[in-house]
Each structure stands twice: as C-alpha cells, then as structure tokens.
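Residues per chain are reported as follows:
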Amino acid sequence: MASDTPKASGQAEPPRLLLVTRSPPYGSSLARSALDTALAAAAFDMAPALLFLDHGVLQLLPQQEGAASETRSHGKVLDSLPLYDIDRIYVDAAALLHFGLQDMPLPAAAEVVDSTGIRALLEGCDHILSF
Amino acid sequence: MNYALLVLAPPGSASRAALGFARAACARGHQLERVFFLDRGVENGMGTAVAPQGERDLPAQWAQLASEQGVELVLCISSAIRRGLLDATEAQRHEKVGPTVAPGFTIGGLGLLVETCTDCERLLTFGEGC
Amino acid sequence: MILHTLNASPGSTAFDHCLAQVAADDGLLLMGNAVYAALANAPALARLRATGARLHVLEDDARTAGVTPQMSEDVLAIDFDAFVALSEQHARQVAWF
C-alpha cells in the first residue's frame, strides 16, 4: 500500500487495530499519543477500537478544562473521535468502580466491559498497540 | 514473517529489549521494515545525548541495525519536535539549533506507524513504566 | 493465545491488570522491573503460577537485577532469539508497563 493513498477501502478488509490505553490524561503524554495514533489509524481506514483500562478511564472525565493549566484539553480530543468515525470505545468496568466513576456519563459510543469482555477484545482483533 | 515494532520507552531497559528483539528478529530471518518511535521513545534518537561511560550508546546501536539490516527508524514528528529532536528541515523551520536527530533516524508522521501496522503479521510494543 | 510482556514491578497496577488478563494458554514474559516476580520466594510468583501460563523471564534483565541466583525453577530464562520465537507462536502481544 502506498503511503500517499490513505484509503484502503474497497480492497481487502483492513486489519482491525485495538489500542489499549492505560494512562491518566495528564502528567505524561502517553494518553495523548494513544489518541493521536487512533486518529491516524482512522484516517487510514483502519477502524481502530479504543480500550480504556486502569487509569485510562480517567481520560473520560467530562468537563476537563485544559485552559486552567495552559495545556490542550484531552477531553476535546476525545470529543472529536466520532468525527473520525472512531465509534468502538470500550471502558474497563472495574476501573470505573475503583475510581468511584461508575455513574460518570460516557461518550455515546462507549461500551462498559468486564474482564471477560476485555479478554474477548484482546482475542478478537488483528493487532494490539499498548499505551 | 513481517514484523513491526513500536517503541514508547525512552533509553533504558525496555528500549534495550526492543533493540535486542529487533536484532534477533532479523537474525531469525524475519522482515523488519520499520521501527516507529513514539512519545518518550523518540529520545532513543537524540543525537546530542552522551551515554555515560560503561553504558551502551543506544542511538548508535540502533543506527547500526538500520545500516546493516535496512531497517527504517522513524521518530514521530510531533513527539520529536516538542522534545527538541529536530532534523535539518525542522530546525530551520522552527529557527532552532540543529539538527539534533542522531544519524540513521528520520522524522515522520504517525501515518507511517499505521501503514506498518497494516502490512505486518506481528506487531509488538515496547514501553517502560514507572 | 496472547503473549503478555510484563515490564512493571510486582505491586504496580500494571502488574495486577496483566495477571487479571493472562489465560492458561498464554505466554508471559517478565522483563525490566517485573523480573523480581521470578524470585523463588516472591508472593507474586504464586499469583503467576496460578494463571497456568508458561512463565518466562528475559535473561539479561534477570541477571542485571541479581534475580538469577534466586530464581524459581518454574520460570524459564530466555534470550532474545527465544523472545522472537515466542512472538512467532503468539499472534498478538499485549505490553503491560
């Protein structure tokens, strides 16, 4: 596949890519790198899925105010995911409970998954990238 | 098999493991077209870093792999420039001292990582925790 | 079958989350700060054994850490060639760090 032709549709089914993100949104840039990779994968029609595990669920807190510390809002990037047709978003149920966030409103596309569901995701994709 | 590696770890045990893995994969006859360095992983391509005495010079060893096996070493552009890793073009564009990227490494977009993912049969991530 | 590469010290959340996802037919490779779980008397080792997965440790990292002389016989020390062989046997890898 040529690097200047991001569209792969119409040919073979693109491999499904699962991005596992375990980091909190601020403090390091790892969570942001995961989302940037998801956006790039979507631009190449890879139809990436995102799995928020462990501290990664903290990325989903609504009403983040990046301006409060002159940083880019992670929440704004998350809000943009549907625009890029990233509509498979999975959230670790145990982590939500661990942080007392079980009642938090989640992105419309998000599905809360338990340990069995996480295993099924890891087994069901072609490739995994861990962040 | 076709392999692709994503290195998120800065110079340290995980990036040494990535290098060891890359060498062994090539030695076992696998194809390794590209290693993509993202986030703190780009620090492996810092040309102005000086390894302490008795420690490996990781950028030089990666570069050796690149020249011997034809492996492309790509530093994510947005991760790189925010950390002062600039090639000649970026140094000029941002009017900074440079180039600071080690020989053997290039700077490129995340599309190159995605492209590698579509082509490979095995994809491994190397990261370093706290 | 998944290859789990674990690079986080016993007691970290990455370590715990990895163990929660390891199945009996998976491969597990301890590297970096996870090599301390290979110590023969480490409480973490019992948890690793309970997963039923085949346990490996990256030999270079275990020796660097001083773990090798006290290492459990249940954990196989491997070099990079064997690490690549593990990746050949498992279609997917999850890196826990």
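Refer to the structure presented above.
Described below are features of the structure shown in this document. Quantities reported herein were computed from a predicted structural model and do not represent experimental measurements. All residue numbers here refer to positions counted from 1 along the written sequence of the relevant chain. Whichever chain is written first becomes A and whichever ligand is written first becomes 1, with later ones labelled in order. Under the rules for a predicted model, residues below a pLDDT of 70 receive no local features and side-chain atom pairs below 80 are neither given nor counted, while totals for whole chains, interfaces and linings still include all residues. Values reported for side chains reflect all heavy atoms of the structure, with hydrogen atoms and water molecules removed beforehand.

Some details on the interface of chain C and chain B
Where the parts come together, the accessible area they lose is often given as the size of the interface. Going by this rule: Note on definitions: a residue-residue contact is assigned when non-hydrogen atoms from the two residues lie within 4.5 Å. Two parts placed together each lose some accessible area under a 1.4 Å probe, and the buried area is that loss summed for both. Salt bridge, as used here, is a side-chain nitrogen of Lys or Arg placed within 4 Å of a carboxyl oxygen of Asp or Glu. For this analysis, a polar contact is any N or O atom pair within 3.5 Å, provided that within protein one partner can donate a hydrogen and the other can accept it, and provided that sequence-adjacent residues contribute only side-chain to side-chain pairs. For helices the rule is a DSSP run of H or I covering at least 4 residues; for strands it is a run of E covering at least 2, with both sets numbered from the N terminus onward.
With 19 residues of chain C at the contact, the number on the chain B side is 23 residues. Carbon and sulfur atoms supply 57% of the area that chain C and chain B bury against each other, a total of about 1600 Å² over both sides. Area buried by chain C at its contact with chain B is led by V84, E88 and F97 of chain C, which between them contribute 32% of it. In this structure, the connection of chain C to chain B is made through 2 salt bridges. In this structure, the salt-bridge partner of R28 of chain B is D81 of chain C, at a minimum N-O distance of 3.0 Å. The interface formed by chain C and chain B includes 10 residue pairs in polar contact (both at pLDDT 80 or more). Elements represented by at least two residues in the side of chain C that touches chain B include exactly α4 (80-89) and β5 (92-96) of chain C. Among the elements that take part in the side of chain C that touches chain B, α4 of chain C stands out by supplying 7 residues, more than any other.

Some details on the packing of aromatic side chains
Condition: In this analysis, rings of Phe, Tyr and Trp, with Trp reduced to its six-membered ring, are considered paired at centre separations within 6.5 Å, and the interplanar angle assigns stacked below 30 degrees, edge-to-face beyond 60, and tilted for intermediate values. Between buried and exposed lies partly exposed: a residue is buried under 20% and exposed over 50% of the maximum accessible area for its type, with that area taken using a 1.4 Å probe on protein chains only.
Taken as a whole, this structure holds 6 aromatic pairs over all chains when the rule is applied. Ring geometry for F21 of chain B and F126 of chain B: centres 5.8 Å apart, planes at 55°, overall tilted. Taken as a pair, F21 of chain B in helix α1 (residues 13-27) and F126 of chain B in strand β5 (residues 122-126) lie far apart in primary sequence, 105 residues in all. Classification of F21 of chain B by relative accessible area gives buried; the value is 0%. Note on F126 of chain B: relative accessible area 2%, which makes it buried. On the numbers, 4.7 Å between centres and 70° between planes, the contact of F21 of chain B with F83 of chain C is edge-to-face. Linking F21 of chain B in helix α1 with F83 of chain C in helix α4, this pair reaches from one chain into another.

Some details on the nonpolar core
The test is simple: We define the nonpolar core as a collection of buried residues of types Ala, Val, Leu, Ile, Met, Phe, Trp, Tyr and Cys that are connected through side-chain atoms lying within 4.5 Å of one another.
Counting 44 residues, the largest nonpolar core has L129 and F131 of chain A as the members making the most contacts within it. For this core, the element with the most residues is helix α1 (residues 30-43) of chain A, which contributes 8 residues. Every residue in contact with L129 of chain A, bar those within four places of it in the chain, is listed here: L17, L18, L19, V20 and T37 of chain A together with L6, L113, C117, L123 and T125 of chain B. Y3, L19 and L85 of chain B together with F80 of chain C belong to the second largest nonpolar core, which has 40 residues in total.

Structural notes on the interface of chain A and chain C
Listed per partner, the contact involves 16 residues of chain A and 17 residues of chain C. Here chain A packs against chain C, burying approximately 1300 Å² in sum over the two surfaces, 51% of which is carbon and sulfur. Here chain A is connected to chain C by 1 salt bridge. For D26 of chain C, the salt bridge is made with R119 of chain A, and the minimal N-O distance between the two is 2.6 Å. In this structure, the connection of chain A to chain C is made through 8 residue pairs in polar contact (both at pLDDT 80 or more). At the level of secondary structure, the elements contributing two or more residues to the side of chain A that touches chain C comprise α4 (115-124) and β5 (127-130) of chain A.

Focus: the side chain of R92 of chain C
We apply this condition: Only four residue types enter the tally: Lys and Arg on the positive side, Asp and Glu on the negative side; His and the chain ends are excluded.
Residue position: R92 of chain C is located in strand β5. Summary of buried charges: R92 of chain C has no salt-bridge partner, and the nearest side chain of opposite charge, D126 of chain A, is 5.4 Å away. Of note is the side chain of R92 of chain C, whose polar atom sits 2.5 Å from the backbone oxygen of C125 of chain A. If near-sequence neighbours (up to four positions away) are discounted, R92 of chain C is found in contact with L122, E123, C125, D126 and I128 of chain A together with M1, I2 and L3 of chain C.

Section: the sheet that holds strand β4 (residues 105-108) of chain B
Condition: Only when DSSP finds a minimum of two bridges between them are two strands counted as paired. Helix axes are fitted to C-alpha atoms over the stretch in contact, other axes to C-alpha atoms as well, and angles between N-to-C directions run from 0 to 180 degrees.
Taken together, 5 strands build an open sheet; the order of strands is β4-β3-β2-β1-β5 (chain B) and the sheet is parallel. With one partner strand each, in any of the chains shown, β4 and β5 of chain B form the two edges of the open sheet. Ignoring which end each strand starts from, the neighbouring axes of this sheet average 25° apart. Relative to strand β2 (residues 31-37) of chain B, strand β1 (residues 2-7) of chain B runs parallel, the two being bridged by 5 bridges. By the bridge assignment for β2 of chain B, L5 of chain B is matched with V35 of chain B. Sheet contacts for α4 of chain C: β1 and β5 of chain B; angle to β5 of chain B, the most-contacted strand, approximately 130°.

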